[in-house]
Amino acid sequence: MMIIEFAKKEDYISIHNISKELNIKYVKNKERGVLLRIIPKEFIKDNIENFIVARIDNRVVGFLWFSTKYPKDMLKYTELRENIDNCIYSEQIGVKEEFQGQHIGKELYRFLKNSYKEKGILVFVNTAPEKNIASLSFHESLGFKVVGDFYRKDFCGFKDYKANLLKLKQL
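Overview of the structure. Model, not experiment: these values are computed from the prediction. (Residues numbered from 1 in each chain as written. Predicted model: local features only at pLDDT ≥ 70, side-chain atom pairs only at ≥ 80, totals over all residues. Heavy atoms only, no water.)

Some words on the side chain of Ser67
Within the element layout of this structure, Ser67 appears in strand 3 (residues 59–67). The exposure class assigned to Ser67 is buried, which follows from its relative accessible area of 16%. A distance of 2.9 Å separates a polar side-chain atom of Ser67 from the backbone oxygen of Lys69. Leave out the neighbours within four places in its chain, and Ser67 touches Asn50, Ile88, Tyr89 and Glu91. (Helix = DSSP H or I, 4+ residues; strand = E, 2+ residues; numbered from the N terminus. Buried < 20%, exposed > 50% of the residue type's maximum accessible area, 1.4 Å probe, protein only. Polar contact = N/O pair within 3.5 Å; in protein donor to acceptor, adjacent residues only side chain to side chain. Contact = heavy atoms within 4.5 Å.)

Next up, the structure:
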């Protein structure tokens, strides 16, 4: 049975390990999606209230890192097509490879949506240099719609980085 809940302090190592396992440098099957950043253990520990986890048999098998504020510093690099006020920002979502395809990501987003009923959810999905087609199609399958484009010459160590900004209204 799967349990979705806000993360506990002791979950920080599991969250860090999943973010590393799915990181672009370590992931074996990039077609299934990649994460650009490995989240430092200390950061997770200090911001544990911004993490939701999925547990199966008491083991953390997925996480969602969110923020109640959109990273304003990224706005100057974002071309918006729609209003993004009153939204929660999903920084990163990851599910251990052997548990992918079991709707865990959807349930993590559902938990976030139920926790902030009156808000939309925003997420960036990188489109270049990595295509990250799996992540884009996953988010679109849940009902996320492209509401903006993000571009930086150099971002997280990537040259000519591009991403779609997606917004979810209902889930």
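And the narrative resumes.
What to know about the packing of helix 4 (residues 104–115) against helix 5 (residues 133–142)
Remark: helix 4 packs on helix 5, axes separated minimally by 11 Å, with the N-to-C direction vectors making an angle of 55°. As summarised for this structure, helix 4 and helix 5 are arranged oblique, according to the angle between their axes. Helix-helix and strand crossings are classified by hand; for helix 4 and helix 5 the assignment is right-handed. Judged by residue contacts, Gly105, Lys106 and Tyr109 of helix 4 engage Phe138, His139 and Leu142 from helix 5. (Axes fitted to C-alpha atoms, helices over the stretch in contact; angles between N-to-C directions. Parallel < 35°, antiparallel > 145°, perpendicular 65-115°, else oblique. Left-handed = near helix turned anticlockwise from the far one by under 90°.)

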